[in-house]
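Chain and residue survey
Residue-level listing of the chains:
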Amino acid sequence: MSMFHGMNISASALTSQRLRMDVVSSNMANADSTRGRLVDGEWEPYRRKMVTMEPNQAGGFKNYLHKAMGASEDIGKGVKVGNIIEDQSPFRQAYQPDHPDANEDGYVELPNVDPLKEMIDLMSTTRSYEANVTTLDAQKNMLLKALEIGR
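All values derive from a computational prediction rather than experimental measurement. (Residues numbered from 1 in each chain as written. Predicted model: local features only at pLDDT ≥ 70, side-chain atom pairs only at ≥ 80, totals over all residues. Heavy atoms only, no water.)

Here's the deal with the overall build of the protein
This is how it is decided: Starting at the N terminus, helices and strands are each numbered in turn, a helix being any DSSP run of H or I of at least four residues and a strand any DSSP run of E of at least two. Here the globule rule is a power law, 2.2 Å times the number of residues to the power 0.38, and the radius of gyration is based on C-alpha atoms. Buried means the residue's accessible area, taken with a 1.4 Å probe over protein chains only, is under 20% of the maximum for its type, while exposed means over 50%, and partly exposed covers the values in between. It only takes one pair of heavy atoms within 4.5 Å for two residues to be counted as in contact.
A tally of helices and strands in the protein yields three helices and six strands. Secondary structure of the protein in N-to-C order comes out as α-β-β-β-α-β-β-β-α. For 151 residues, the compact-globule estimate of 2.2 N^0.38 gives 15 Å, and the C-alpha radius of gyration of the protein, at 23 Å, exceeds that figure by more than 25%. Each principal axis of the C-alpha atoms in the protein carries an extent, and together these give about 75 × 35 × 20 Å. Here the protein, with 151 residues, has 25% of them falling under the buried criterion. Long-range contacts, defined as pairs at least 24 residues apart, comprise 66% of the intrachain contacts of the protein with a sequence gap of at least 6.

What follows is the structure in structure tokens.
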């Protein structure tokens, strides 16, 4: 394990959380977009997107050697974004007969984005980001203290 291993793990988490923040921002920006994409010749409202995360699997000779020596767990390499998926929950319906996208009954399909859920997701992402920045800073300080010992 290199001395920068912990920093690499924190950096992977920071990158993943930043993408998660970008997806939440996109959801908030499109919370009222009635035309997201064309499906079967008709416009469908914007669909909420969600980020899935998974462990960044360690591979290579080092990991295989580690397992062969009897270690029960893999050498961690942090986290990565597994996928960006669309929320399949139903769209909201609003009665707006004057809206250009209203159906024959006067209802408009609105995106399945709930601003409250998005704010909670954004707060969670922000806290995780801050925790990883704190971890990265602590690792940096430990390395600096180790360098001071050599003086």
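From this point, the narrative continues.
Looking at the layout of surface pockets
The criterion, for reference: Buriedness of a pocket was judged along seven lines, with at least five required to meet protein on both sides within 12 Å; pockets are open sets of points on a 1 Å grid over the protein atoms alone, cavities are sets where a 1.4 Å probe fits but cannot get out, and lining residues have an atom within 4 Å of a point. Grid points are joined across faces, edges and corners, and a volume is the space filled by probe spheres set on the points.
Estimates place the volume of the largest pocket at around 210 Å³. As for the largest pocket, its lining consists of Thr34, Val39, Glu42, Trp43, Glu44, Pro45, Phe91, Asp101, Asn103, Tyr107 and Glu109. Breaking the lining of the largest pocket down by element, the ones donating at least two residues are β2 (42–44) and β6 (107–110). With three residues, β2 is the single largest residue contributor to the lining of the largest pocket.

Notes on helix α1 (residues 5–29)
Quick note on the threshold: To estimate how far a helix should reach, multiply one less than its number of residues by 1.5 Å.
If you check α1, its first and last C-alpha atoms are 37 Å apart, about what 25 residues at 1.5 Å a residue would give, namely 36 Å. Looking at the buried side of α1, the elements it contacts are β3 (49–55), β4 (79–86) and α3 (115–149).

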